[in-house]
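# Overview (structure and organization)
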Amino acid sequence: MTDGRHISQEDLVLYAMQALSPEESAPVRAHLAECPACRAELAELNGDLALVAMSVEQHPVPAGARQRFLNRIAAEAAPAQLASKTIVSPVVPIDAPRPARRVAAWIPWAAVAAMILVCVALEWRVNSLNTELLLQSQQIAQQTVASARAREVLDVLTAPAAQRVVLTAAKTPPAPTARAIYLPSRGALILQASNLALLPEGKTYELWVIPASGAPIPAGLFRPDASGSASVILPELPKGVPAKAFGVTIESAAGSATPTAPIVLSGAAPAAGE
Amino acid sequence: MSVVATEFSVWNLALHLSCNTMGRPFLALVSEPISNPARSSARSDDEGGRASTRPSVADDKALLERVLARDQSAMAELFDRYSGMAYSVAMRVVKDAAQAEDVMQDVFFQVWQNPKAFISDRGSLGAWLAVVVRNRAIDVIRRRKPSEAVEDVVLAASTNVAAEVEHRTLIERVRNAMKDLPPEQRESVELAFFEGMTHAEIAEKKGEPLGTVKTRIRTALMSVRKAFKA
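Criteria and cut-off values
- Residues numbered from 1 in each chain as written.
- Chains lettered and ligands numbered in written order.
- Predicted model: local features only at pLDDT ≥ 70, side-chain atom pairs only at ≥ 80, totals over all residues.
- Heavy atoms only, no water.
- Helix = DSSP H or I, 4+ residues; strand = E, 2+ residues; numbered from the N terminus.
- Buried < 20%, exposed > 50% of the residue type's maximum accessible area, 1.4 Å probe, protein only.
- Contact = heavy atoms within 4.5 Å.
- Areas by Shrake-Rupley, 256 points an atom, 1.4 Å probe, with all protein chains shown as cover.
- Buried area = accessible area lost by both parts, 1.4 Å probe.
- Salt bridge = Lys/Arg side-chain N within 4 Å of Asp/Glu carboxyl O.
- Polar contact = N/O pair within 3.5 Å; in protein donor to acceptor, adjacent residues only side chain to side chain.
- Nonpolar A, V, L, I, M, F, W, Y, C, P; charged D, E, K, R; others polar.
- Pairing = 2+ DSSP bridges.
- Axes fitted to C-alpha atoms, helices over the stretch in contact; angles between N-to-C directions.
- Parallel < 35°, antiparallel > 145°, perpendicular 65-115°, else oblique.
- Patch = residues over 30% accessible without salt bridge, like charges linked within 9 Å, V, L, I, M, F, W, Y side chains within 5 Å.
- Core = buried A, V, L, I, M, F, W, Y, C linked by side-chain atoms within 4.5 Å.
- Left-handed = near helix turned anticlockwise from the far one by under 90°.
- Phe/Tyr/Trp six-rings, centres within 6.5 Å; stacked < 30°, edge-to-face > 60°.
- pLDDT = per-residue confidence, 0-100.

Moving on, we come to the overall build of chain A. Along chain A, the regular secondary structure elements total 5 helices and 9 strands. Along chain A, helices (α) and strands (β) appear in the sequence β-β-α-α-α-α-α-β-β-β-β-β-β-β when read from the amino end. When each of the 274 residues of chain A is scored for burial, the buried share is 30%. The long-range fraction of contacts in chain A, counting pairs at least 24 apart against all pairs at least 6 apart in sequence, stands at 54%. Here chain A displays about 17300 Å² of accessible surface, and carbon together with sulfur accounts for 64% of that area.

Further remarks concern the interface of chain A and chain B. Residue-level contacts link 47 residues of chain A with 68 residues of chain B. Surface buried jointly by chain A and chain B totals about 5200 Å² across both partners, of which 62% is contributed by carbon and sulfur atoms. Taken together, chain A and chain B are joined by 7 salt bridges. The closest approach of N and O atoms between A:E76 and B:R70, which form a salt bridge, is 3.1 Å. Summed over the shared surface of chain A and chain B, the result is 16 residue pairs in polar contact (both at pLDDT 80 or more). Counting only elements with at least two residues in the side of chain A that touches chain B, the list comes to α1 (9-16), α3 (36-54) and α4 (65-88) of chain A. With 14 residues, α3(A) is the single largest residue contributor to the side of chain A that touches chain B. Classifying every residue of the side of chain A that touches chain B gives 26 nonpolar, 9 polar and 12 charged.

When helix α10 (residues 183-193) of chain B is considered as a whole, its buried residues turn out to be B:Q185, B:S188, B:V189, B:L191, B:A192 and B:F193. If you follow the buried residues of α10(B), they end up packed against α3 of chain A together with α7 (125-141), α9 (169-180), α11 (199-206) and α12 (210-229) of chain B.

This part covers the sheet that holds strand β4 (residues 188-194) of chain A. All names here are of chain A. Taken in spatial order, the 3 strands of this open sheet run β3-β4-β7, and their pairing is antiparallel. Both edges of this open sheet fall to β3 (177-183) and β7 (230-233), since each of them pairs with a single strand only. Averaged over neighbouring strand pairs, the angle between their axes works out to 5° when direction is ignored. With 7 bridges connecting them, β3 and β4 associate as antiparallel partners. Paired with R179 across the two strands is Q192, which belongs to β4.

The subject of this paragraph is the packing of helix α2 (residues 22-34) of chain A against α3(A). All names here are of chain A. The interhelical angle for the contact between α2 and α3, taken along N-to-C directions, is 110°, at an axis separation of 6 Å. Classified by the angle their axes make, α2 and α3 are roughly perpendicular. In this structure, α2 contributes H31, L32, A33 and E34 to the contact, and α3 contributes P36, C38, R39 and L42. By residue class, the composition of the contact of α2 with α3 is 5 nonpolar, 1 polar and 2 charged.

As a further point, take the side chain of B:Q105. On the secondary structure map, B:Q105 appears in helix α5 (residues 97-113). The buried category is assigned to B:Q105, whose relative accessible area is 6%. In this structure, B:Q105 is in contact with A:A65, A:R68, A:F69 and A:R72, ignoring residues within four places of it in sequence.

The next subject is the side chain of B:Q185. All names here are of chain B. Among the structural elements, Q185 can be located in helix α10. By relative accessible area, which is 12% here, Q185 ends up buried. Those residues within four positions of Q185 in sequence are excluded, and the remaining contacts are R216, T219 and A220.

All names here are of chain A. The strand order across the open sheet built from 4 strands is β6-β5-β8-β9, with neighbouring strands paired in antiparallel fashion. Lying at the two open borders of the sheet, with one neighbouring strand each, are β6 (217-222) and β9 (263-268). Looking at each pair of strands side by side, their axes are set apart by 20° on average, direction ignored. Where strand β5 (residues 203-211) lies against β6, 4 bridges are found, and the strand directions are antiparallel. Of the residues in β6, the one forming a bridge with W208 is P218.

What follows deals with a nonpolar patch on the surface. Taken together, the side chains of A:W106, A:W109, A:V112, A:I116 and A:V120 present a nonpolar region at the surface, about 590 Å² in accessible area. A:W109 gets classed as exposed once you look at its relative accessible area, which sits at 61%.

Bringing the nonpolar core into the picture now. If you look at the biggest cluster of nonpolar residues, it comprises 87 residues, and the most contacted ones within it are A:M17, B:M75, B:F108, B:W128, B:L129 and B:I217. One finds A:Y205, A:V209, A:V232 and A:A243 within the second-largest nonpolar core, a separate group that totals 20 residues.

So, about the packing of α1(A) against α3(A). Residues and elements named next belong to chain A. It is at 9 Å that the axes of α1 and α3 come closest, and there the two elements cross at 60°. It follows that α1 is oblique to α3 by the angle criterion. Relative to α3, α1 is oriented so that their crossing is right-handed. Contacts from Q9, L12, V13, Y15 and A16 of α1 reach α3 at C38, E41, L42, L45, N46 and L49. Class assignment for the residues of the contact of α1 with α3 results in 8 nonpolar, 2 polar and 1 charged.

Applying the stated rule across the entire model yields 6 aromatic pairs over all chains. Ring geometry for A:F69 against B:F108: centres 5.9 Å apart, planes inclined by 70°, an arrangement best described as edge-to-face. Pair noted here: A:F69 is in helix α4 and B:F108 is in helix α5, and the two residues belong to different chains. Exposure class is identical for A:F69 and B:F108. Each is buried.

This part takes up the confidence of the model for chain B. All names here are of chain B. Scored by pLDDT, chain B has a mean of 73; 63% of the residues are at 70 or more. Below a pLDDT of 50 lies the segment residues 1-58, which in the model reaches 95 contacts outside its immediate sequence neighbourhood of four places, other chains included. Here the predicted complex scores 0.51 on pTM and 0.72 on ipTM.

Next comes the structure, spelled out in structure tokens:
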């Protein structure tokens, strides 16, 4: 391609005619960029080619070509004048033909601006969602811990293997006892009973909430295990009913809507239940 | 013919001045034609009568500077000077009147939009336009995007053919030189220059080595150069 330091005249001719392949013309272009001598020769060759070009058979310019050209440059010049006027006064007459090119040029920029706004909004939304997610994750973690603790409490209270001992004054013989824990506002009740007498087949103990006014409310059936222990955990109860007392009766296995005497265990609730 | 000879020597003088004293090649442009009988008669469209009213001393450089100042009449005058030549070159390549006019119009419109593409220190505007039109026309028949910016077309300042184009004497010389070329040389140049074939394509078409094609094209071009400088 290069003869020693310079591009051969043959290759420069082909380069000037664009008759080299892209791969062939790239090194020529690179050399030309740095070689004034070859650039000068290329300019000479372009002059020679101009002569060849101008030696073609002459054709008259098509009718109207001149006017078409003048119209074109006039049309191009008009928007330019309009644009310069616009700078002086931003008020453009309504009937003034706005240059299509200027209008069209805004569209991509407006689209870009809109995209940027959308991106910013999305970014903001992503951030806020992330924050929310983090917050909820923390809450879930806290609730999981709390839930595990509650489950543990409940397990200890209800596990058959748990040892339940009621401590009393020395030398008092073991007597049936039950401890009720009641939260009226939630209608939540836990009962732990021990030393209960075993029941014959077809009988059950039933727990009653005795409200300050009104009939006793059934609060669950239970049968003691072999050691006489039993639990009632969160039976279905109406909320917000303060209890005056609790009682346990013996009922038939299906339970009863009203207590049947005698009351085997009872206890009055302290005045300030909650 | 004596008028031509006088003008030619004036042009040579201007060229010497520009090279020896100023070092500004485009000053060679000051020797422009002052009349245009061949073009005026050649142009057949309705604006023909305008030619006689053109300022007789205006030259391309001054016209281009007025174009730079958005003077539409100056651009019109440049169009009158060179549109016929530019159209003929485009026609030779694309062989279709509508496409040839498109190429010609586009090149002149580029001059209007960016007169500086030429103004700096190129050779004559006419020669430059001939090359730019040819290149753009080749782009059209090859269905490709413009392969180069018009600014990249640089002509030697010595190729001031504007004056001679008008009187056709030099063009006749070049034509005769082309005619006198060995047929295979002329064909190679024409295939490369007017048909836009690469030297590899010509070599394949003719079944000849690449080197032979290269040498032929160069030799043919040197013959044209010799005819011009003679």
